[in-house]
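One-letter residues, chain by chain:
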Amino acid sequence: MFPSTHPPSMGSMGLASNNAPDMLWFDTFVHPDEIVDSKDHMPEYEYTVTGLKRIKKRDRIQLGTPVVVNGKALALFRHGDKHFFAIQQICPHAGGNLAMGDIEEIDRMLCVSCPRHKWPFVLHTGDCLVTEDLRAEQYPVEIRTTNGLRSIFVGFSGLNQTLFYEDDF
């Protein structure tokens, strides 16, 4: 899997910024339709005397798709037809698998909540809503068509140094 530095095709969609020509783009080999649409599985809430109580209306379903790209373990998420996100797979707070987390809207921000302690991380920025001291790594995403096949690409500012051994040089 070699990175691509060419700009996206005119038909690409996603949340990536086209102002980042220095990005290296890696193909995840995941078709956009293979990712569960979290919009169809948003949690429902009920207000009680003690405050906001979460109601699980569905069986537990894994919304994130785990992938390893550029040597990094990531979780890919989809919200609707045009919103795709890539965030580090392991929670920086408690080590929970963010791919197993719930997607919910908090203060008009789409977040993934860690399944271990429920700490929410904003999918657009990686910011933790509980403390400013923690941030999950977040990466730009594009949908590209290559040889007639659509795939999710993730952007990085450079190659991961762990991909190389000292003997390689």
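Residues numbered from 1 in each chain as written. Predicted model: local features only at pLDDT ≥ 70, side-chain atom pairs only at ≥ 80, totals over all residues. Heavy atoms only, no water.

Engineer: Looking at this structure, how should I read the overall build of the chain?
Structural biologist: The secondary structure content of the chain amounts to zero helices and 13 strands. Counting all 169 residues of the chain, 40% fall into the buried class. Within the chain, counting contacts between residues at least 6 apart in sequence, those at least 24 apart form 54% of the total. Of the roughly 10,000 Å² that the chain leaves accessible, carbon and sulfur atoms contribute 52%. (Helix = DSSP H or I, 4+ residues; strand = E, 2+ residues; numbered from the N terminus. Buried < 20%, exposed > 50% of the residue type's maximum accessible area, 1.4 Å probe, protein only. Contact = heavy atoms within 4.5 Å. Areas by Shrake-Rupley, 256 points an atom, 1.4 Å probe, with all protein chains shown as cover.)

Engineer: For this particular structure, what's the right way to read the packing of aromatic side chains?
Structural biologist: Two numbers describe a pair of aromatic rings. These are the distance of the centres and the angle of the planes. Here the structure, examined in full by the defined rule, presents two aromatic pairs. With centroids separated by 5.5 Å and ring planes inclined at 90°, the aromatic side chains of F26 and F156 adopt a geometry described as edge-to-face. One end of the pair, F26, is in strand β2 (residues 24-27); the other, F156, is in strand β13 (residues 149-156), and 130 residues separate them in sequence. When the ring of Y139 is compared with that of F156, the centres are 4.7 Å apart and the planes differ by 45°; the resulting orientation is tilted. Here Y139 is found in strand β11 (residues 138-139), whereas its partner F156 is found in strand β13, with 17 residues between them in sequence. Per residue, the accessibility class of Y139 equals that of F156, and both read buried. Of note, R144 hangs over the ring of F153, and the distance from its end group to the ring centre comes to 4.9 Å. (Phe/Tyr/Trp six-rings, centres within 6.5 Å; stacked < 30°, edge-to-face > 60°. Lys NZ or Arg CZ within 6 Å of the ring centre and 35° of its normal.)

Engineer: Whenever I open this one, the confidence of the model for the chain confuses me. Can you help?
Structural biologist: Regions with low pLDDT should not have their predicted coordinates read in detail. Looking at the chain, pLDDT values average 83 and 73% of them are 70 or higher. Segment residues 6-19: pLDDT under 50, and 24 contacts once partners within four positions in sequence are set aside and those in other chains are kept. (pLDDT = per-residue confidence, 0-100.)

Engineer: I tried to follow unusual backbone geometry on my own but got confused; where do I start?
Structural biologist: With glycine set apart, most residues show a phi of negative sign, and most peptide bonds adopt trans. The backbone of F29 shows a phi angle near 60°, a positive value even though the residue is not glycine. Summarising the element assignment, F29 is placed in the loop between β2 and β3 (44-48). What makes F29 exposed here is its relative accessible area of 59%. Not every positive phi belongs to a glycine, and N147 is a case in point at roughly 55°. One can find N147 in the loop between β12 (141-146) and β13.

Engineer: Any chance you could explain the pairing of β2 here in plain terms?
Structural biologist: Within a regular strand, the side chains alternate between the two sheet faces. Of the two faces of β2, the one lined by L24 and F26 and the one lined by W25 and D27 are each fully buried. Pairing of β2 with β13 involves four bridges; the strand directions are antiparallel. Bridge assignment links W25 to a residue of β13, and that residue is G155. (Pairing = 2+ DSSP bridges.)

Engineer: Explain the sheet that holds strand β9 (residues 109-113) to me, please; I cannot follow it from the model alone.
Structural biologist: Strand order in the open sheet made by the three strands is β8-β9-β10, with antiparallel pairing throughout. Edge strands, defined here as strands with exactly one partner in the open sheet, are β8 (102-106) and β10 (120-122). If you compare each strand with its neighbour and ignore which way they point, the axes differ by 40° on average. One ladder, built from three bridges, connects β9 with β10; its direction is antiparallel. (Axes fitted to C-alpha atoms, helices over the stretch in contact; angles between N-to-C directions.)

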